[in-house]
Amino acid sequence: MKEQVNKIREVTKEPGTDVAKLRLDMGATRRQEIWAFNSMTEKMDKITKEVETSYDSFCTKVTNTLKIRLRYERRIRNEHDGRFNFLSWNQIKQTPKGIFISQTKYTKELIKNFGMKNAKSIGTPMSPTTTLEEDNNGKSVDEMIYKGMIGSLLYLTTSQSDIMFSVCKCARFQSAPKESHLTAVKHIIRYLIGTSELGLWYAHSNNSILKGFSDVDFAGDKIDMKSTSDTCQLLGNALISWHSKEQNCVALSTTEAEYLAVRS
C-alpha cells in the first residue's frame, strides 16, 4: 500500500501532469491570498494609527480649549467678584431680583456688519403670508454671505427665541440661496433693529413647575409638504428650552402634526 501511495506522489510531482499544474496553480493562488491579506493588514494598521493620531490630536485641542476657557472665566470672576457682565457676546446683568441675559451689543454689531444700520424697523420677523420655496428661476445670491447671515442669526437665537422659527426656515436654503431667501433674512434683521434690547429674564423664585408648549406650521414646507414643530419649556416663569424643527414625516392632518410636535 505504501509503495502505491509513493508512486502516486512521484507522478503528481512530475511537471507534465495536470495534477502537478493544479498544485502549482493552487500554490500561486495561496501565495496571492497571503500577500493580499498581509497588504490589507498593513493598510488597516496604518489607518488605525492615523485615526488614533487624529483622535489624540482632537482630544489635545479640546483639552487646551477648555483650559483656556477656564482660565478666562476665572479671570472674569476675579475682576467682577464672581459676577459675569459680558461674556462671548452675551450680556448678563445680575440684580437682587434676578438675572437678565441679552445680546444687545452683538445684535447692533450684526446689523451694522450687514449694512442695515439705516434700514427701517418692522414689527414681525416674518410675514404670515411669506412662503419660501426653492425658487429655481430666481436670481442666485452669494452663498457665503447668505451662510454668514444665517450663522450670525442662529447664534442670536440663544437669547431671542422669537426669531427661531424664521431663522430655521431660511436656513434650509443655504445650499442654493436666491434673492427671495435673502429678502426673508433681511426681513428678520429689520425686525431685530427694534428688538435689540430684548432678552431672557430669570427671576429669583421658588416656583419649580415645569410647563411645555408646542405649536406646528402644518404643511408649511411647500417642497416636501412637511410640517414644522415649535416647542418651548418653562421652569416656573423662566424660559429654559426652545426649538424649531421640521418633522421627519408628512402629517396627514393638523391633529397628527400637533401630536408629532408634542412628541418631539
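Residues numbered from 1 in each chain as written. Predicted model: local features only at pLDDT ≥ 70, side-chain atom pairs only at ≥ 80, totals over all residues. Heavy atoms only, no water.

Q: Residues and numbers for the overall build of the protein, please.
A: Along its length, the protein carries seven helices and seven strands. The N-to-C order of helical and strand elements in the protein reads α-α-β-β-β-α-α-α-α-β-β-β-β-α. The burial tally for the protein puts 27% of its 264 residues in the buried class. The long-range share in the protein, meaning contacts at least 24 apart out of those at least 6 apart in sequence, stands at 64%. (Helix = DSSP H or I, 4+ residues; strand = E, 2+ residues; numbered from the N terminus. Buried < 20%, exposed > 50% of the residue type's maximum accessible area, 1.4 Å probe, protein only. Contact = heavy atoms within 4.5 Å.)

Q: Quick rundown of helix α6 (residues 179-193)? Include the residues and the values.
A: Compared with the 21 Å implied by 1.5 Å per residue over 15 residues, the 21 Å span of α6 between its first and last C-alpha is a close match. If you check which residues of α6 are buried, you get H181, L182, A184, V185, I188, I189, Y191 and L192. Contact partners of the buried residues in α6: α3 (104-113), α4 (143-156) and α5 (164-171). (Expected span 1.5 Å × (residues − 1).)

Q: Summarise the pairing of strand β3 (residues 98-102); cite the residues concerned and give the values.
A: Bridge analysis of strand β2 (residues 90-95) against β3 gives five bridges, and the strand direction is antiparallel. Residue pairing in the sheet places Q91 in a bridge with S102 of β3. The antiparallel hairpin formed by β2 and β3 contains two residues in its connecting segment. Relative to strand β4 (residues 199-203), β3 is paired through five bridges, and the arrangement is antiparallel. Paired with S102 across the two strands is G199, which belongs to β4. (Pairing = 2+ DSSP bridges.)

Q: Explain the side chain of Q91 to me, using residue names and the numbers behind them.
A: Take Q91: it is sitting in strand β2. With relative accessibility at 18%, the residue Q91 sits in the buried group. At a separation of 2.8 Å, a polar atom in the side chain of Q91 contacts the main-chain amide nitrogen of K105. (Polar contact = N/O pair within 3.5 Å; in protein donor to acceptor, adjacent residues only side chain to side chain.)

Q: An account of the sheet that holds strand β6 (residues 228-235) is requested, with residue identities and associated values reported.
A: Spatial strand order, β5-β6-β7: three strands in an open sheet with antiparallel pairing. One side of each edge strand has no neighbouring strand; the edge strands of this open sheet are β5 (210-217) and β7 (238-246). Ignoring strand direction, the axes of neighbouring strands in this sheet form an average angle of 15 degrees. Looking at chain direction, β6 and β7 are connected through eight bridges and run antiparallel. When the sheet's bridge partners are listed, C232 is paired in β7 with W242. The strands that α5 touches are β5, β6 and β7; relative to β7, the one it contacts most, it runs at about 25 degrees. Strands β5 and β6 of the sheet are contacted by helix α7 (residues 254-263), whose axis makes an angle of about 140 degrees with β5. (Axes fitted to C-alpha atoms, helices over the stretch in contact; angles between N-to-C directions.)

Q: So, the packing of α4 against α6: which residues are in play, and what are the values?
A: Geometry of a packed helix pair, given as the angle between the helix axes and the separation of the axes. Interaxial distance between α4 and α6 falls to 11 Å at its minimum, and their mutual angle equals 35 degrees. For the pair α4 and α6, the crossing hand works out as left-handed. Note on element contacts: α6 touches α4 through H181, L182, V185, K186, I188, I189 and L192, opposite Y146, M149, I150, L153 and L156. Each residue belonging to the contact of α4 with α6 can be placed in one class, and the counts come to 10 nonpolar, one polar and one charged. (Left-handed = near helix turned anticlockwise from the far one by under 90°. Nonpolar A, V, L, I, M, F, W, Y, C, P; charged D, E, K, R; others polar.)

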